[in-house]
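# Observations on the model geometry
For reference, the chains in residue letters:
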Amino acid sequence: MRLIRIVLATASVALFSLPLAAQTSPATIPGRTVSHSLTLVVEGKPTVYSLADLAALPHIPVAVHNKRTNTDDVYSGVPLASLLAAHGVTYTGGDVPLHKFLRCYIVAHSTDDYFVTFSSAEVFPDFHTGDVIVADSVNGKPIAVNGQLELVSSEDKRPSRLVYSLAKIIFLESPGE
Amino acid sequence: MRLTRLVLAALLAVATLPALAQTPTAEEMPHKPIPATTSLTLVLNGKSTTLTLAQIAALPHKSVSVFNAHEKKNETYSGVPLAALLTANGAPFNHQTQHDMLNSYITIKGTDGYTVVYSTVEVYTPDYHTGDVIIADTRDGQPITTDGLRMVSTEDGHPMRWLHSVTTITLTKAGY
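These notes cover the structure that comes with them. (Residues numbered from 1 in each chain as written. Chains lettered and ligands numbered in written order. Predicted model: local features only at pLDDT ≥ 70, side-chain atom pairs only at ≥ 80, totals over all residues.)

This paragraph deals with the interface of chain A and chain B. Across the boundary between the two partners, chain A contributes 33 residues, which contact 33 residues of chain B. When residues of the side of chain A that touches chain B are traced back to their parent elements, those giving at least two are β5 (104-110), β6 (115-119) and β10 (166-173) of chain A. Examining the composition of the side of chain A that touches chain B, we find that five residues originate from one element, β6(A), more than from any other. Looking at the side of chain A that touches chain B, its residues break down into 13 nonpolar, eleven polar and nine charged. (Contact = placed C-beta atoms within 7 Å. Helix = DSSP H or I, 4+ residues; strand = E, 2+ residues; numbered from the N terminus. Nonpolar A, V, L, I, M, F, W, Y, C, P; charged D, E, K, R; others polar.)

A few words on the sheet that holds β5(A). Residues and elements named next belong to chain A. The strand order across the open sheet formed by five strands is β2-β1-β10-β5-β6, and the pairing between neighbours is mixed. Strands at the two margins of the open sheet, each flanked by one partner only, are β2 (45-50) and β6. Across the sheet, the mean angle separating the axes of adjacent strands is 20 degrees when strand polarity is ignored. One ladder, built from seven bridges, connects β5 with β10; its direction is antiparallel. The partner of V107 across the bridge, within β10, is I170. (Pairing = 2+ DSSP bridges. Axes fitted to C-alpha atoms, helices over the stretch in contact; angles between N-to-C directions.)

With that settled, consider the nonpolar core. Most often, soluble globular proteins have nonpolar side chains that are buried together. Among the nonpolar cores identified, the biggest contains 90 residues, and A:A108, A:I133, A:V134 and B:I135 are the most heavily contacted of them. A total of six residues in this core trace back to one element, the largest contributor, which is β10(A). Beyond its immediate sequence surroundings of up to four residues, A:A108 is in contact with A:F115, A:V116, A:F118, A:L151, A:V163, A:L166 and A:I169. (Core = buried A, V, L, I, M, F, W, Y, C linked by C-beta atoms within 7 Å. Buried ≥ 20, exposed ≤ 12 C-beta atoms within 10 Å, placed from the backbone.)

Sheets are built from strands that pair by backbone hydrogen bonding, the pairs being arranged parallel or antiparallel. Residues and elements named next belong to chain B. One open sheet holds the five strands; their spatial order is β2-β1-β10-β5-β6, and the pairing between them is mixed. The open sheet has two edge strands, β2 (47-52) and β6 (115-119), and neither has a second partner. Adjacent strand axes in the sheet meet at a mean angle of 20 degrees, parallel and antiparallel pairs treated alike. Of the strand pairs in this sheet, strand β5 (residues 104-110) and β6 are connected by five bridges, and their pairing is antiparallel. Bridge pairing in β6 places T107 opposite V117.

This part is about the pairing of strand β9 (residues 150-153) of chain A. All names here are of chain A. Residues E150 and V152 of β9 are buried on one face, and the alternating residues L151 and S153, pointing to the opposite face, are buried as well. Bridge count for strand β7 (residues 132-138) against β9 is four bridges, and the pairing is antiparallel. Paired with V132 across the two strands is S153, which belongs to β9.

Before going further, it helps to spend a moment on unusual backbone geometry. With omega at 0 degrees, the peptide bond leading from B:T125 into B:P126 counts as cis. Relative to the assigned elements, B:P126 resides in the loop between α5 (120-123) and β7 (133-139). Within the chain, A:N139 stands out as a residue other than glycine whose phi angle is a positive 50 degrees. A:N139 sits in the exposed class, given 11 other C-beta atoms within 10 Å. One non-glycine residue, B:D140, lies in positive phi territory at about 50 degrees. As for its position among the elements, B:D140 is in the loop between β7 and β8 (142-143).

All right, on to the environment of A:A81 then. Residues and elements named next belong to chain A. Mapped onto the elements, A81 comes out in helix α3 (residues 80-85). We classify A81 as buried; it has 22 C-beta atoms within 10 Å. For the pair A81 and V123, spaced 42 residues apart in sequence, the C-alpha separation works out to 5.9 Å. Once you skip the residues sitting within four places of it in the chain, A81 turns out to touch V123, F124 and P125.

Here's what the structure looks like:
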């Protein structure tokens, strides 16, 4: 029993110290820039999260099969819904009225101009099946070659919206039509 | 005097009830009857296509079973997969179009102008996303006469995007 505790404690220390290691020596593949922070823009107001800020927030695991690499990976990260909720974006009576929330979408950018869209509703797990997270570790290790931060969606069957080097997330309202 | 106070308190309580009822408590959004769909217009990559209900009825259908949290009952809808409708009318999602599709989103509008947004990935089922998103024209084996057409997404636990009387579907480039 004591041995299990020691093993768990060691594993916890190792896991928590990994993001720090990633900050000091981010390895990348050639041509890929590294994300050093996440900027979240809600109603035109930007908030910058450092890697340490994100590491300090509650994380959840998300398991996905990556068709690019043909691997089964378990990411850990901060639910995008939690980040949005902290800025008043929810479908349950936040600052954004429900009818407006349903007309909104999210654009997630990498450091190198790659961007993808999500609907606002689909990133809230109580609304839509699955989890969408801002991941900072994969398989228990820091995300190194993929630019430190990745956006991961559990219900996507292809990795098109697996955004490497995630740098910015913008919450926007559709103009209509 | 005390009775008067009690009556006034009761009246006040009753007066506040409608306000409470309007509080957006998720799926309990009231649905007022709106005109049923007479045709569906798809606006995709600069091309507009209008389909009649008969044309939609003639397309291959898929059935989905869902729990309607608003009505609090299980329902079976049959309709045309939205991905098939979009693909056949100028918006295929494949390796060649992937970049543009990922940079876009889809708006669904009802006959009352009410609009909701879906991402492109979440409606291109089953290739890109889990679940089913269909434009339904029957419910539990009967035509949905009140709506004509209704949007149904199996992955939405709340039916707030199951838009009634769908009339226009538009593919739009995202701002950024």
